[in-house]
Amino acid sequence: MQPLSDLLDHFQVHYSLLRDQEDAEKGGKTSDTEDWQSSEPRRSDRPWRWILLSCFLAILNVVQLLLPSEFPSFGTSHGNDTFSLGFSTDFDDARGVIELEQRNFTGWISYNTTVDDVYRVLDLNEPQYFGRPSNKMDAAWDELLYGQYVAMTEEEATRYPGIVTSGTTGNYHMQPDVYHSLHCLNALRIELEPEYYAKYPRPDADIPVPKSWAMVHRDHCLDQIRQSLMCFGDLSPAPFAAWKGFHLSIAEGRTHTCRKWEGISDWVRVRDQRSPSVPGD
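Keep in mind that what you see is a predicted model, and the values were worked out from it rather than measured.

Caption draft 1: Molecular detail of the overall build of the protein. For the protein, the count of helices and strands is nine helices and eight strands. Evaluated residue by residue, the protein yields a buried proportion of 26% over its 281 residues. Intrachain contacts of the protein at a sequence separation of at least 6 include 64% that bridge at least 24 residues. If you sum the accessible surface of the protein, you get close to 20100 Å²; carbon and sulfur atoms cover 58% of it.

Printed below as a string of structure tokens:
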């Protein structure tokens, strides 16, 4: 964006050129002395031009005093806030563990032309978080969410007015938002399998809750995940694939740039060793 000082110079030069042009139209007089010595008073046949330019220059001078030397441009970063270094809204103690990596997403849908059916492309070397529920899957989620309710020091808690200590640990606690979204995703997964979890209830299933808790918590979790996805705004392309005999085109998983999960998980575990986590909703 062009500085206001440059704009002022531009209009002052333009103003001078217009004045010289009118001097030439009046008979080639180019100096104030010649005008003063002329027997006829100097008149402009376009007085509105001078009025408009004078007003515009006066406004620019006022703006120059009130604003910085340059107009801010859209899309500028805020200080040192970046995805790789951390944002001012990230928890301060966690910013040092941020590390980026590229990952190929798994679990996308593919089509088997032989049996005329679809299936998920899985990495069986990694824990499975979705599919038919089992003790192994529940254990994978417990491991993933371990230490999710991070204890804070009194100094850290001062940044969050209104926060209260836990009646269980006596500490201040917070939940990193990625864990909040994962917690919600797991809650929705459990809700989709009512028969299994009626037979094998989760440890927190007997906590007393208000009558509208299930519906309100479900809607909250769906909206939490929506906002988290929109906030991150991943623009990595997921190209569409198509197969003969299959009447849908399906987006496939490809490479994404991510914050490395291991560093985040290790940081949460270190914090939990200092002060144990506390059960949440």
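Caption draft 2: Fine view of the nonpolar core. Within the largest apolar cluster, 15 residues are counted, with the highest numbers of intra-cluster contacts made by Phe91, Trp141, Met174 and Trp267. Counting only elements with at least two residues in this core, the list comes to helix 4 (135-144), strand 4 (150-152), helix 6 (177-191) and helix 9 (261-274). Excluding its chain neighbours within four sequence positions, the residues that come into contact with Trp141 are Tyr129, Phe130, Leu182, Leu185, Asn186 and Arg189. In terms of nonpolar packing, the next biggest core, distinct from the first, is built from five residues, Tyr111, Ala241, Phe246 and Ile250 among them.

Caption draft 3: Representation of helix 9 in the model. The terminal C-alpha atoms of helix 9 lie 20 Å apart, and with 14 residues this matches the ideal 20 Å at 1.5 Å per residue to within 8%. Residues of helix 9 that are buried include every one of Ile264, Ser265, Trp267, Val268, Arg271 and Asp272, and no others. Projected down its long axis, helix 9 shows its buried positions confined to an angular sector of 160°, all on one face. Exposed side of helix 9, more than 90 degrees from the buried face: Gln273 and Arg274 are the residues found there. Looking at the packing, one finds that the buried side of helix 9 touches strand 4, helix 5 (154-157), strand 5 (172-174), helix 6 and strand 8 (255-259).

Caption draft 4: Expanded view of the packing of aromatic side chains. This model, assessed by the stated rule, comprises ten aromatic pairs. Aromatic side chains Phe130 and Trp141 sit 5.7 Å apart centroid to centroid with 85° between the ring planes, which places their arrangement in the edge-to-face category. Remark: Trp141 occurs in helix 4 and Phe130 occurs in the loop between strand 3 (117-120) and helix 4; sequence separation between them is eleven residues. In this structure Phe130 comes out as partly exposed when scored by relative accessible area, which is 35%. Taking the centre distance of 4.8 Å and the plane angle of 80° together, the rings of Tyr196 and Tyr197 count as edge-to-face. A connected cluster of aromatic rings, assembled from ring pairs, spans Tyr111, Trp243 and Phe246.

Caption draft 5: The arrangement of the state of the cysteines in detail. One pass over the full model with this rule turns up one disulfide. A sulfur-sulfur separation of 2.4 Å characterises the disulfide bridge that pairs Cys184 with Cys221. Looking down the S-S bond of the Cys184 and Cys221 bridge, the torsion is -65°, so its handedness is left-handed. Note that Cys184 is positioned in helix 6 and Cys221 in helix 8 (residues 213-232), a separation of 37 residues in sequence. In this structure Cys184 comes out as buried when scored by relative accessible area, which is 0%.

Caption draft 6: Representation of helix 8 within the structure. Over its 20 residues, helix 8 runs 28 Å from end to end, which matches the ideal 28 Å to within 8%, given 1.5 Å per residue. Residues of helix 8 that are buried: His217, Cys221, Gln224 and Ile225. All buried residues of helix 8 project into a common sector of 95° when viewed along the axis, lining one side. Residues of helix 8 that are buried in the fold lie against helix 6. At the C-terminal side of helix 8, Gly233 shows a positive phi close to 60°.

Caption draft 7: Just the pattern of salt bridges, in detail. Taken as a whole and assessed by the stated rule, the structure comprises 14 salt bridges. Linked by salt bridges that have partners in common, Asp138, Asp142, Arg189 and Arg202 make up one network.

Caption draft 8: Molecular detail of unusual backbone geometry. In this model, Asp116 sits at a positive phi of 55°, which is unusual for a non-glycine residue. On the basis of relative accessible area, Asp116 is assigned to the exposed category, the value being 52%.

About the cut-offs
- Residues numbered from 1 in each chain as written.
- Predicted model: local features only at pLDDT ≥ 70, side-chain atom pairs only at ≥ 80, totals over all residues.
- Heavy atoms only, no water.
- Helix = DSSP H or I, 4+ residues; strand = E, 2+ residues; numbered from the N terminus.
- Buried < 20%, exposed > 50% of the residue type's maximum accessible area, 1.4 Å probe, protein only.
- Contact = heavy atoms within 4.5 Å.
- Areas by Shrake-Rupley, 256 points an atom, 1.4 Å probe, with all protein chains shown as cover.
- Core = buried A, V, L, I, M, F, W, Y, C linked by side-chain atoms within 4.5 Å.
- Expected span 1.5 Å × (residues − 1).
- Arc of directions from axis to C-beta.
- Phe/Tyr/Trp six-rings, centres within 6.5 Å; stacked < 30°, edge-to-face > 60°.
- Disulfide = S-S within 2.5 Å.
- Salt bridge = Lys/Arg side-chain N within 4 Å of Asp/Glu carboxyl O.

Take it as geometry only, folks, not as evidence of what the structure does.
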